[in-house]
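# Analysis of the macromolecular model
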Amino acid sequence: MPLYFEDFEVGQRFTTAGRTVTEADVVNFAGVSGDYNPIHTDAEFAKGTPFGQRIAHGLLVLSMFTGLRQRTGATDGTLIAWLEIRNYKFLKPVLIGDTIRGETEILEKRETSKPDRGIVVQRVRVLNQRDEVVQEGEFVTLIRRRP
């Protein structure tokens, strides 16, 4: 059931399901983005890097995380807009084969000048299967109020 502005509470937490980053994800992202950096696409090149193997594109992981959030259905029909991503950091590489999941904590709710919507600020963290935080930041979203 989708959540409206009134349903969010400061301190409330949500988690997503997990999803494994595959070879196909990396190849498709490179094709769509045009980013064929060899750290992502060339296994021989990547062996000589500090990671020792290819890593997933940081923006691919962010995209997968936002997709996992959408799958929860929490804001189906209530999310009006993503207004801002703040202080987003890529903290650790995500390897092909890693499984990521997300955690969200509501930091703030603000009224707007329009009575049918409000702003919800969320701290987000993407974790791998070892419970290491690989990405984190804040999402500022515009959420519909109950009709």
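Residues numbered from 1 in each chain as written. Predicted model: local features only at pLDDT ≥ 70, side-chain atom pairs only at ≥ 80, totals over all residues. Heavy atoms only, no water.

When its secondary structure is counted, the chain shows four helices and six strands. Taken along its principal axes, the extent of the C-alpha atoms in the chain is 55 × 30 × 25 Å. Across the chain, the fraction of contacts at a sequence separation of at least 24, relative to all contacts at a separation of at least 6, is 70%. Carbon together with sulfur atoms contributes 52% to the accessible area of the chain, which is approximately 7,900 Å² in total. Taking the average place of the 20 positive charges on the side chains of the chain and the average place of its 20 negative ones, the gap between the two points comes to 3 Å. (Helix = DSSP H or I, 4+ residues; strand = E, 2+ residues; numbered from the N terminus. Contact = heavy atoms within 4.5 Å. Areas by Shrake-Rupley, 256 points an atom, 1.4 Å probe, with all protein chains shown as cover. Lys, Arg positive; Asp, Glu negative; His and termini not counted. Charge placed at Lys NZ, Arg CZ, Asp CG, Glu CD.)

A few words now on the nonpolar core. In terms of nonpolar packing, the biggest core is built from 17 residues, with Val-21, Ala-56, Leu-60, Val-94, Ile-100 and Val-126 touching the most fellow members. Of all the secondary-structure elements, those providing two or more residues to this core are α1 (23–33), α4 (58–71), β5 (117–127) and β6 (133–144). The leading source of residues in this core is α4, at six residues. Counting seven residues, the second-largest nonpolar core is a separate cluster that includes Ala-74, Ile-106, Val-120 and Ile-143. (Core = buried A, V, L, I, M, F, W, Y, C linked by side-chain atoms within 4.5 Å. Buried < 20%, exposed > 50% of the residue type's maximum accessible area, 1.4 Å probe, protein only.)

Right, let's get into the packing of aromatic side chains. According to the stated counting rule, one finds five aromatic pairs in the structure shown. With 5.7 Å between their ring centres and 75 degrees between their planes, Tyr-88 and Phe-90 make a pair best called edge-to-face. What makes Tyr-88 buried here is its relative accessible area of 17%. With relative accessibility at 46%, the residue Phe-90 sits in the partly exposed group. The rings of Phe-65, Trp-82, Tyr-88, Phe-90 and Phe-139 are connected pair by pair, giving a single aromatic cluster. Of note, Lys-109 hangs over the ring of Phe-5, and the distance from its end group to the ring centre comes to 4.5 Å. (Phe/Tyr/Trp six-rings, centres within 6.5 Å; stacked < 30°, edge-to-face > 60°. Lys NZ or Arg CZ within 6 Å of the ring centre and 35° of its normal.)

Now for α1. Of all the residues in α1, the buried ones are Asp-25, Val-26, Phe-29 and Ala-30. Projected down its long axis, α1 shows its buried positions confined to an angular sector of 130 degrees, all on one face. Exposed and oriented more than 90 degrees from the buried face of α1 are Asn-28 and Val-32. Packing partners of the buried residues in α1 comprise β2 (19–20), α2 (38–41) and α4. At the C-terminal side of α1, Gly-34 shows a positive phi close to 80 degrees. (Arc of directions from axis to C-beta.)

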